[in-house]
Amino acid sequence: MTNDPWLRALLEGAAVVTALMTAVAWITWLERKIAGRIQSRLGPTMVGPFGLLQPLADAVKSMQKESIVPRDADALLFWLAPPLTLALALGTAAVIPFSPGLLASDVDIGVLYALALSGLLSFPIWIAGWASNNKYSLLGGMRMVAQGISYEIPMVLSALVPVVLAGTLSMGGVVRHQAEHGWFVVSAPGVGFVAFLVFLLTALAEGNRIPFDIPEAESELVAGPTTEYTAIQWSLFAAAEYAHSLLASAIAATLFLGGWDGPVLPPAVWMVLKTGALFLLITWLRWSLLRLRSDQLMSLCWKLLVPLTLLLLLGAGTWVTLAT
Amino acid sequence: MSGEQVGFWVVALAILGAGRQVVTSRNLVHTVLWLAVTLANTAVAFVMLEATFLAAVQVLLYTGGVLTLMLFGVMLTTRDTGFVDVRSPLHRGFAGGVLAAAVMALVSASILRTPLPEARVTAPTTEALGASFLTEHVLAFEALSLLLLSAVIGAVVIARRRDAGDPREERGPAIRPRAPRAAGGAVRLGAPEAE
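Please read these numbers as outputs of a predicted model, since none were measured by experiment.

A.B. asks: Looking at this structure, I do not really get the overall build of chain A. What am I missing?
C.D. replies: Counting secondary structure elements, chain A contains 13 helices and zero strands. Put simply, chain A runs from its N terminus to its C terminus through helices and strands in the order α-α-α-α-α-α-α-α-α-α-α-α-α. A compact globule built from 324 residues would reach a C-alpha radius of gyration of about 20 Å, and chain A, at 20 Å, matches this within 12%. Dimensions of chain A along its principal axes, counting C-alpha atoms only, are 65 × 50 × 45 Å. Out of the 324 residues in chain A, the part that is buried amounts to 50%. Surface exposure of chain A reaches about 14,500 Å², of which carbon and sulfur atoms provide 71%. Across chain A, 17 positive and 20 negative side-chain charges occur, with their mean positions spaced 9 Å apart.

See below:
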């Protein structure tokens, strides 16, 4: 290992991004297989054994296709939106502790950093919707913003519950506290568990996944903000969506399920297992539930989740005061 | 020049350049996006001063602010041009210049009068910040919360204000059930419902 801190940071960043993008490629395969089974079909089977090489075939195909920019689109912003989306989605990885020693940067505001980046995600998607100069794209972008800034509030509030319980904003610190005092999903009875559910739900909404995918509701808006996108740019959006789901699962595992903490197996394996289990849960939800209507989405957020998370925060504070 | 100084000048120029674009851009959406670039670079400046908490909060809060501004911008202007021509006559430009100079003088005077420490100070940790909010600055903190609370209540009141006597409004925001289908599948619009 080299001693130059800049080179080291660069290498670590490259390693994390490569690992993530590889994982993203094959979770698309996994999702298609699960979706197939849920809908009584087989999913991809043709390319490689069990269709395992399908992601590679898809990548090659999307790179070969022509990238079309609509004549009246805002070309610069149209080009800028997909890579920006992916960059923001991947940026969260910097603060996720995969094992006690493997953490790109243990800044003391790790949780806030992850939440801030997650909240930014609706930004490039709105840009895509506006730059496309298409009414469906713009409507989708508008819905994304409305949903994004509404659900950010219960998301931040529910993520503050483990912060209050652990007494630190650092991701590594939250995990270390759980390794000593038990996972938050069970250790603070009720409060931790409900906060975990709310966080998972709001992470789905920020990531534009069913049941919260009204921005790209295909029955009304063709494909929402991504309607005009083709080829590799569309693939970047898809990759960003999967990367966000995966990283949101990782953050939920870190904040509530004890991160890398676990018996017998090495820490990194536990982290991967927990993240994978949460991702499977999200996928299962996606193919089982219906899309919420716009007004139902807003009522759920403002009338249920926001008051609930405020109460949870109060409960967490009370719990900490009583415990010490 | 040290690496840190180079970094400072890069960020400072980025802030100023993006700020100039905010004012001169002819397209409303571009203006708002340049504003986002300005604010993001301010967050970078905070990081360079080791005030990471401030940087994260800057990103977290201004995202929502800028996005809302963008929505208003798009919804309240025409799509064709995306901007309203507000070029003003010369005397107004002169007044603007005087005003800008006055603000500049005020800000620089207050910066110059503030005794800045010579030595390098480390930014307070998040913990220290939180503690000072609830001890030394608790009055200002509570006053701010009260202000925000009144703003929230005001927003709810304005959003809920309705014309009295409009029966549609009293049913609330829920989507009304579809008119029942008559025999043969035709929809009876406006027909009184048989109880």
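A.B. asks: Quick question: what am I supposed to make of the interface of chain A and chain B here?
C.D. replies: Size of an interface: often given as the accessible area lost when the parts come together. Facing the 22 residues of chain A at the interface are 25 residues of chain B. Counting each side, the surface lost to burial between chain A and chain B is near 2,100 Å², with a carbon and sulfur contribution of 78%. Applying the counting criterion to the chain A and chain B interface returns zero salt bridges. Summed over the shared surface of chain A and chain B, the number is one residue pair in polar contact (both at pLDDT 80 or more). Every element with two or more residues in the side of chain A that touches chain B is listed here: α4 (110–120), α5 (122–131) and α6 (135–166) of chain A. Considered class by class, the residues forming the side of chain A that touches chain B number 14 nonpolar, three polar and five charged.

A.B. asks: Hey, could you run me through the environment of T38(B) in this one?
C.D. replies: Looking at where T38(B) falls in the secondary structure, it is placed in helix α2 (residues 28–48). In this structure, the C-alpha to C-alpha distance between T38(B) and A105(B), residues 67 residues apart in sequence, is 22 Å.

A.B. asks: Hey, could you run me through the side chain of S132(B) in this one?
C.D. replies: Residues and elements named next belong to chain B. Topologically, S132 is positioned in helix α5 (residues 126–134). In terms of polar contacts, S132 uses its side chain to reach the backbone carbonyl oxygen of L129, at 3.0 Å. With sequence-adjacent residues up to four places away left out, S132 is seen in contact with H137 and V138.

A.B. asks: Help me understand the environment of F184(A) in this model?
C.D. replies: Residue and element names in this part refer to chain A. Along the chain, the position of F184 falls in helix α8 (residues 184–187). It is 33 Å that separates the C-alpha atoms of F184 and R37, two residues lying 147 residues apart in sequence. What F184 contacts, discounting residues up to four positions off in sequence, is P162, L165, A166, V174, H177, Q178, G192, F193, L255 and F256.

A.B. asks: Explain empty space enclosed by the protein to me, please; I cannot follow it from the model alone.
C.D. replies: It is the rolling of a water-molecule-sized probe over the atoms that shows where space remains empty. All names here are of chain A. Evaluation of the coordinates by the stated rule reveals one cavity of 30 Å³ or more. In this model, the largest cavity occupies a volume close to 70 Å³. Together, T92, A114, S118, M155, F199, H244, L247, A248 and I251 line the largest cavity. Secondary-structure elements contributing two or more residues to the lining of the largest cavity are α4 and α11 (231–256). It is α11 that provides the largest number of residues to the lining of the largest cavity, a total of four residues.

A.B. asks: I keep staring at the pattern of salt bridges and nothing clicks. Help me out?
C.D. replies: Side-chain pairs of opposite charge can arise where the charged atoms are in close proximity. Residue and element names in this part refer to chain A. Inspection of every chain in the model, using the stated rule, returns four salt bridges over all chains. The closest approach of N and O atoms between R286 and E31, which form a salt bridge, is 3.2 Å. Of this pair, R286 sits in helix α12 (residues 267–288) while E31 is found in helix α1 (residues 5–38), placing the two residues 255 residues apart along the sequence. When its relative accessible area of 2% is taken as the criterion, E31 is described as buried. With a closest N to O distance of 3.9 Å, E241 and R286 form a salt bridge.

A.B. asks: Explain unusual backbone geometry to me, please; I cannot follow it from the model alone.
C.D. replies: Backbone geometry follows two general trends: most residues other than glycine have a negative phi, and most peptide bonds adopt the trans configuration. Look at S40(A): it is not a glycine, yet its phi comes out positive at around 55 degrees. Here S40(A) is to be found in the loop between α1 and α2 (54–64).

A.B. asks: Help me out: how do you make sense of the nonpolar core in this one?
C.D. replies: Side chains that are nonpolar tend, in soluble globular proteins, to be buried together. If you look at the biggest cluster of nonpolar residues, it comprises 86 residues, and the most contacted ones within it are F123(A), W126(A), F199(A) and L255(A). Core analysis: the second largest hydrophobic core is formed by eleven residues, Y151(A), V198(A), L204(A) and A205(A) among them.

A.B. asks: Quick question: what am I supposed to make of the packing of aromatic side chains here?
C.D. replies: The geometry of an aromatic ring pair comes down to the distance between the two centres and the angle between the two planes. What the rule picks out here adds up to six aromatic pairs over all chains. On the basis of an interplanar angle of 80 degrees and a centroid distance of 4.9 Å, the ring pair of Y229(A) and F237(A) is categorised as edge-to-face. Ring centres of F8(B) and W9(B) lie 5.5 Å apart, and the angle between their planes is 70 degrees; this geometry places the pair in the edge-to-face category. Members of the aromatic cluster, joined through ring pairs, are F78(A), Y229(A) and F237(A). A cation over an aromatic ring shows up here: K274(A) above the ring of W183(A), its NZ or CZ 3.9 Å from the ring centre.

A.B. asks: Mind showing me how you'd approach the domain arrangement of chain B here?
C.D. replies: When its domains are assigned, chain B resolves into domain 1 (1–85) and domain 2 (124–159). Using only C-alpha atoms to locate each centre, domain 1 of chain B and domain 2 of chain B end up separated by 25 Å.

A.B. asks: Looking at this structure, I do not really get the side chain of S150(A). What am I missing?
C.D. replies: Residue and element names in this part refer to chain A. Tracing the chain through its elements places S150 in helix α6. In terms of polar contacts, S150 uses its side chain to reach the backbone carbonyl oxygen of A146, at 2.7 Å. In this view, S150 contacts M298, C301 and W302; residues no more than four positions away in its chain are not counted.

A.B. asks: What's the story with the packing of helix α7 (residues 171–181) of chain A against α11(A) in this structure? I'm lost.
C.D. replies: When two helices pack together, you describe them by how their axes are tilted relative to each other and by the distance separating the axes. Residue and element names in this part refer to chain A. For the pair α7 and α11, interaxial distance at closest approach is 8 Å and the crossing angle is 50 degrees. By the criterion of interaxial angle, the relationship of α7 to α11 is oblique. Of α11, the residues touching α7 (which contributes M171, V174, V175 and Q178) are I251, T254, L255 and F256. Considered class by class, the residues forming the contact of α7 with α11 number six nonpolar, two polar and no charged.

A.B. asks: Just to check I follow, could you spell out the packing of helix α3 (residues 75–91) of chain A against α5(A) for this structure?
C.D. replies: Residues and elements named next belong to chain A. Relative orientation of the contacting elements α3 and α5 amounts to 160 degrees, with a least axis distance of 8 Å. As judged from the angle between their axes, α3 and α5 are roughly antiparallel. For the element pair α3 and α5, the recorded crossing hand is left-handed. Contacts between α3 and α5 involve L77, F78, A81, L84, T85 and L88 on the former and, on the latter, P124, I125, I127, A128, W130 and A131. Among the residues forming the contact of α3 with α5, the class breakdown is eleven nonpolar, one polar and no charged.

Parameters and conventions
- Residues numbered from 1 in each chain as written.
- Chains lettered and ligands numbered in written order.
- Predicted model: local features only at pLDDT ≥ 70, side-chain atom pairs only at ≥ 80, totals over all residues.
- Heavy atoms only, no water.
- Helix = DSSP H or I, 4+ residues; strand = E, 2+ residues; numbered from the N terminus.
- Rg over C-alpha atoms; globule rule 2.2 N^0.38 Å.
- Buried < 20%, exposed > 50% of the residue type's maximum accessible area, 1.4 Å probe, protein only.
- Areas by Shrake-Rupley, 256 points an atom, 1.4 Å probe, with all protein chains shown as cover.
- Lys, Arg positive; Asp, Glu negative; His and termini not counted.
- Charge placed at Lys NZ, Arg CZ, Asp CG, Glu CD.
- Contact = heavy atoms within 4.5 Å.
- Buried area = accessible area lost by both parts, 1.4 Å probe.
- Salt bridge = Lys/Arg side-chain N within 4 Å of Asp/Glu carboxyl O.
- Polar contact = N/O pair within 3.5 Å; in protein donor to acceptor, adjacent residues only side chain to side chain.
- Nonpolar A, V, L, I, M, F, W, Y, C, P; charged D, E, K, R; others polar.
- 1 Å grid on protein atoms, 1.4 Å probe; cavity = no way out; pocket = protein on both sides within 12 Å on 5 of 7 lines; lining within 4 Å.
- Points joined across faces, edges and corners; volume = space filled by probe spheres on them.
- Core = buried A, V, L, I, M, F, W, Y, C linked by side-chain atoms within 4.5 Å.
- Phe/Tyr/Trp six-rings, centres within 6.5 Å; stacked < 30°, edge-to-face > 60°.
- Lys NZ or Arg CZ within 6 Å of the ring centre and 35° of its normal.
- Domains from an automatic or database assignment.
- Axes fitted to C-alpha atoms, helices over the stretch in contact; angles between N-to-C directions.
- Parallel < 35°, antiparallel > 145°, perpendicular 65-115°, else oblique.
- Left-handed = near helix turned anticlockwise from the far one by under 90°.

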